[in-house]
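Below are the chains, spelled out letter by letter.
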Amino acid sequence: MEQTTRTFPFGAGAVEMAEDGSVRAVRHPSTGHSVLLVEDADGVEGMVHGPAHRWGKGFAVLDGLGHRFDAPAEVDWRADGVRVRHRLGPLVLTLTRTVDDSWTETHELHNPGGQPVRIGSFAVSTPWRDLYGSAADSLTRAVHAHLWTGGADAWVWAVPMNGADAGLGLVLTEGELWAYSVQSRDAHTSSNLRGHLYLHLTDHARSPHTLGGQPEPEVGPGQTLRLTWRCRWYADAEAFAADRSPALEAPVLSAEVGTPMELRVADGWTATPPSPVVADRPGLVHVDATRDGRRTRVVLHAHPPLRQLAERRASFLVERQRPLERGDSRRWAFVPYDHRSQLTVLDLAWSDWSDTRERVGSALLLQELRRRGWGEAAVLDEALAGYLRFVTEHVVTPDGTVRDDTDGRRRPRLYNFPWFARFLLDAGELDLAAAVMSTYYRSGGGRFLAFELGPVVRDVGAALRRHGRDAEADELDAHLVAQAATFLELGAELPGHEVNYEQSMVAPLLDLLLSVRRIAPDRVPDEALRERLRWLRAFAGDQPDVRLRSVPIRHWDGYWFGGDRLWGDVFPHYWSILSAGVMLDWPDGLLPEEETAALRRAGTEVLRANLTGFGEDGSATCAFVYPSCVNGAPAHRADPLANDQDWALVYALRHADRLG
């Protein structure tokens, strides 16, 4: 039987509730689309989302036993909302939802018994429509959900992916939120759905280590624990931030060891450690502020000097991440490394563990070090000479085709072409680098957003001109200009790549347009750049955790590249540095001066965030899976594989002047 839906005006939008009091949809004030997943949708959305995952339903682990809440024992409708009651094991859960200009929800966990009840987990479903049906669908109907669950200052910012329409902001006003988890993420749903996101009072029972340690609150006999949040529509992220009053703020989240990091602490709150925070060794620093029994947290990071970090990483690569047991020049390749076994990884049929593709970033890191005179010159020279031989014998053919693997099992992949052209160009192999880029365009690259494309075409062209080969350079420039025209004409109808829509499509698009602007300024309108910059910036929030602030959402890379094969948010993922590249290279004059400065600060924050993926000894992780759990599996941990993350250090070295 179809349930009755009740609709409540919510500002200029609406909240639609089902017969059981749960929320079925939240209608955006200007588009009318739901910012939550819809049950009767087509594709993966309709396949995974149903009544059990609606907003307001969830689960708890109490005294070591799990309980879910779905159909309520009581439903009390009011003129401005609803109150529902659930029996939750030894506790009674009462949810009061009130909707007008603001939408307020209070969860009361009452203990009617005679013994204290220990809360190991308490989670509420908030099924944001954070998915990629297509680029156009994403930009018109979907939202990015930026979550911060650091205690009393918790919040969520659900912003339309176009970065232009009003967003929905959730602010915790009573109680604490200490984690978020993800469900419905696996190989079946794949990379185009972020999953169902659950907000947690705590997730101690499943992931006690998350965010530096989860609390395990108790509700005594006759006592009630309250959790309240308020939702409103906001014109933009700045308006949302202005409506929050955090107890603890950290303007700078990452710095070199020994550098003071200042905090802003609200009146009446006490921070531990106090401001300024000065770390004497590399690693994360969790700072708490407390007042009247409430607690909030920020996460800082201290890193070694960049030169030391890069040199030790290079030594680790040369010593441990080459398959030296091979009998030919493939022994000079770079491959993933498993920190659990201290063995290199054999790729077999798993292309993201191969000796080609993204692993070329390790060789580019060695080139960056050599260019600066850092590291042991003889060791780097030998490693780079061996890698060049590997590339020319097994990866790049004389006609400029870049193989996807060294066994010829897979078709060429367009992403690989600019990467290997960059290596070849910097290795002094101009002819082969130029051939690679010509083959890229002959192979359909004009409709593909490869990474590094604009700068590689420009640099290959400049090298050709230095050798009097202007016609070849002009041909590459013409390809680049035509490609920009193609993507400007497509607008929001971007063709899907390995994911239907993602940050690593928008950042390369902007990189392409900025490169063409240098060649032919009149071919790239200012507003086209500003609009796509809004798309890019919408991928990231401003949470007070070094791994999150300014870092774009990516939620599949732990599965494809890691050893634990966990789906779920990866913060940071090294390809977030594509956003940093755009932000740090953004030209003056396109934005107000203060916005340009904020953009460059965000780019620096992305670079510093990615330094958390490298150990002081040169070890590394390809993915930090951030949620407390993914499909019930404990997460909030670094993947054991060192794989393709060296691109993060490549970009850090390219922009070393920004890091101080």
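Preceding this paragraph is the structure being described.
This is a predicted model, so every value here is computed, not measured. (Residues numbered from 1 in each chain as written. Predicted model: local features only at pLDDT ≥ 70, side-chain atom pairs only at ≥ 80, totals over all residues. Heavy atoms only, no water.)

Draft legend 1. Region of interest: the packing of helix α7 (residues 416-426) against helix α8 (residues 430-442). Where α7 contacts α8, the axes come no closer than 8 Å and their chain directions differ by 165°. On the basis of their axis angle, the class for α7 and α8 is roughly antiparallel. Relative to α8, α7 is oriented so that their crossing is left-handed. Residues Phe417, Pro418, Ala421, Leu424 and Leu425 of α7 form the contact with α8, whose participating residues are Leu430, Leu432, Ala433, Val436, Met437, Thr439 and Tyr440. Tallied by class, the residues present in the contact of α7 with α8 amount to eleven nonpolar, one polar and no charged. (Axes fitted to C-alpha atoms, helices over the stretch in contact; angles between N-to-C directions. Helix = DSSP H or I, 4+ residues; strand = E, 2+ residues; numbered from the N terminus. Parallel < 35°, antiparallel > 145°, perpendicular 65-115°, else oblique. Left-handed = near helix turned anticlockwise from the far one by under 90°. Contact = heavy atoms within 4.5 Å. Nonpolar A, V, L, I, M, F, W, Y, C, P; charged D, E, K, R; others polar.)

Draft legend 2. Region of the structure containing helix α9 (residues 453-466). Compared with an ideal rise of 1.5 Å per residue, which puts 14 residues at 20 Å, α9 spans 20 Å between its outermost C-alpha atoms and is within 8% of the ideal. Buried within α9 we find Leu453, Gly454, Val456, Val457, Val460, Gly461, Ala463 and Leu464. On the buried face of α9, the contacting elements are α7, α8, α10 (470-490) and α11 (503-519). Positive backbone phi, approximately 75°, marks Gly468, located one or two places after α9. (Expected span 1.5 Å × (residues − 1). Buried < 20%, exposed > 50% of the residue type's maximum accessible area, 1.4 Å probe, protein only.)

Draft legend 3. Here's a closer look at the side chain of Ser515. Topologically, Ser515 is positioned in helix α11. With residues up to four places along the chain from it excluded, the contact list for Ser515 reads Gly454, Pro455, Arg458 and Leu480.

Draft legend 4. Quick peek at the sheet that holds strand β6 (residues 74-78). In space, the eight strands of this open sheet follow the order β6-β7-β8-β9-β17-β13-β12-β11, with antiparallel pairing throughout. Of all the strands in the sheet, the pair left with one neighbour each is β6 and β11 (143-148). Neighbouring strand axes in the sheet, compared pairwise and without regard to direction, differ in orientation by 15° on average. Note: β11 against strand β12 (residues 155-160), six bridges, orientation antiparallel. Of the residues in β12, the one forming a bridge with Trp148 is Trp155. (Pairing = 2+ DSSP bridges.)

Draft legend 5. Quick look at the packing of helix α4 (residues 306-320) against helix α16 (residues 646-654). Contact geometry for α4 and α16: axes closest at 11 Å, N-to-C directions at 145°. In this structure, α4 crosses over α16, and the sense of that crossing is left-handed. For the pair α4 and α16, contact is made by Leu306, Leu309, Ala310, Arg313 and Leu317 and by Asp646, Leu649, Ala652 and Leu653, respectively. Looking at the contact of α4 with α16 residue by residue, the classes come out as seven nonpolar, no polar and two charged.

Draft legend 6. Summary view of unusual backbone geometry. Note that the residue after Thr272, namely Pro273, is joined by a cis bond; omega there is -5°. As for its placement among the helices and strands, Pro273 is situated in the loop between β21 (270-272) and β22 (283-291). A cis amide bond links Phe571 with the next residue in sequence, Pro572, at an omega value of -10°. In this structure, Asp292 is a non-glycine residue whose phi angle is positive, near 50°. The residue Asp292 is located in the loop between β22 and β23 (294-303) in this model. Relative accessible area serves as the criterion here: at 72%, Asp292 is assigned to the exposed category. Backbone geometry at Glu452 places phi at a positive 70°, although glycine is not the residue there. Note that Glu452 resides in the loop between α8 and α9.

Draft legend 7. Highlighting the packing of aromatic side chains. Inspection of the entire model under this criterion finds 37 aromatic pairs. On the numbers, 6.1 Å between centres and 90° between planes, the contact of Phe571 with Tyr626 is edge-to-face. Note that Phe571 is positioned in the loop between α13 (557-561) and α14 (577-584) and Tyr626 in the loop between β26 (624-625) and β27 (629-630), a separation of 55 residues in sequence. Like Phe571, the residue Tyr626 is buried in the burial classification. An aromatic cluster is present here, built from Tyr415, Trp419, Phe448, Phe451, Tyr574, Trp575 and Trp647 joined pairwise through their rings. In this structure, Arg331 is placed above the aromatic ring of Trp332, and the distance from its NZ or CZ to the ring centre is 5.1 Å. Across the ring face of Trp350, the terminal group of Arg565 is positioned such that the distance to the ring centre comes to 3.8 Å. (Phe/Tyr/Trp six-rings, centres within 6.5 Å; stacked < 30°, edge-to-face > 60°. Lys NZ or Arg CZ within 6 Å of the ring centre and 35° of its normal.)

Draft legend 8. The pairing of strand β1 (residues 6-10), seen in detail. Examined bridge by bridge, β1 and strand β2 (residues 13-17) share five bridges and lie antiparallel to one another. By the bridge assignment for β2, Phe8 is matched with Val15.

Draft legend 9. The sheet that holds strand β3 (residues 23-27), seen in detail. Read across the open sheet, the three strands follow the order β1-β2-β3; overall the sheet is antiparallel. For this open sheet the edge positions go to β1 and β3, each flanked by a neighbour on one side alone. For this sheet, the mean inter-axis angle between neighbouring strands, taken without regard to orientation, is 20°.

Draft legend 10. Molecular detail of the pattern of salt bridges. Inspection of every chain in the model, using the stated rule, returns 63 salt bridges. For Asp76, the salt bridge identified is with Arg78, shortest N-O distance 3.0 Å. With relative accessibility at 36%, the residue Asp76 sits in the partly exposed group. Between Arg226 and Glu174 there is a salt bridge, with the nearest N and O atoms lying 2.9 Å from each other. Here Glu174 lies in strand β13 (residues 167-174) and Arg226 lies in strand β17 (residues 224-234), a separation of 52 residues in the sequence. Residue Glu174 is classed as partly exposed on the basis of its relative accessible area of 27%. Among the ionic contacts, a cluster of salt bridges with common partners joins Asp328, Arg330, Asp352, Arg357, Asp404, Asp405, Asp407, Arg409 and Arg410. (Salt bridge = Lys/Arg side-chain N within 4 Å of Asp/Glu carboxyl O.)

Draft legend 11. Up close: the nonpolar core. Counting 210 residues, the largest nonpolar core has Phe122 and Trp128 as the members making the most contacts within it. In terms of residue count, the dominant contributor to this core is α11 (nine residues). In this view, Trp128 contacts Val35, Leu36, Leu37, Trp55, Val143, Ala145, Val156, Ala158, Leu168 and Leu197; residues no more than four positions away in its chain are not counted. (Core = buried A, V, L, I, M, F, W, Y, C linked by side-chain atoms within 4.5 Å.)

Draft legend 12. Representation of the environment of Ser619. With respect to the helices and strands, the residue Ser619 is situated in the loop between α15 (593-610) and β26. Each C-alpha atom, one on Ser619 and one on Phe316, is 6.6 Å from the other, the two residues being 303 residues apart in sequence. Those residues in contact with Ser619 that lie beyond four places of it in its chain are Arg313, Phe316, His339, Gly613 and Phe614. A distance of 2.6 Å separates the side chain of Ser619 from the side chain of Asp617, its partner in a polar contact. (Polar contact = N/O pair within 3.5 Å; in protein donor to acceptor, adjacent residues only side chain to side chain.)

Draft legend 13. Geometry of the side chain of Asn416. Relative to the assigned elements, Asn416 resides in helix α7. A polar contact of 2.9 Å, which involves the side chain of Asn416, links it to the side chain of Arg413. Beyond its immediate stretch of four places on either side in the chain, Asn416 contacts Arg357, Val402, Arg403 and Asp404.

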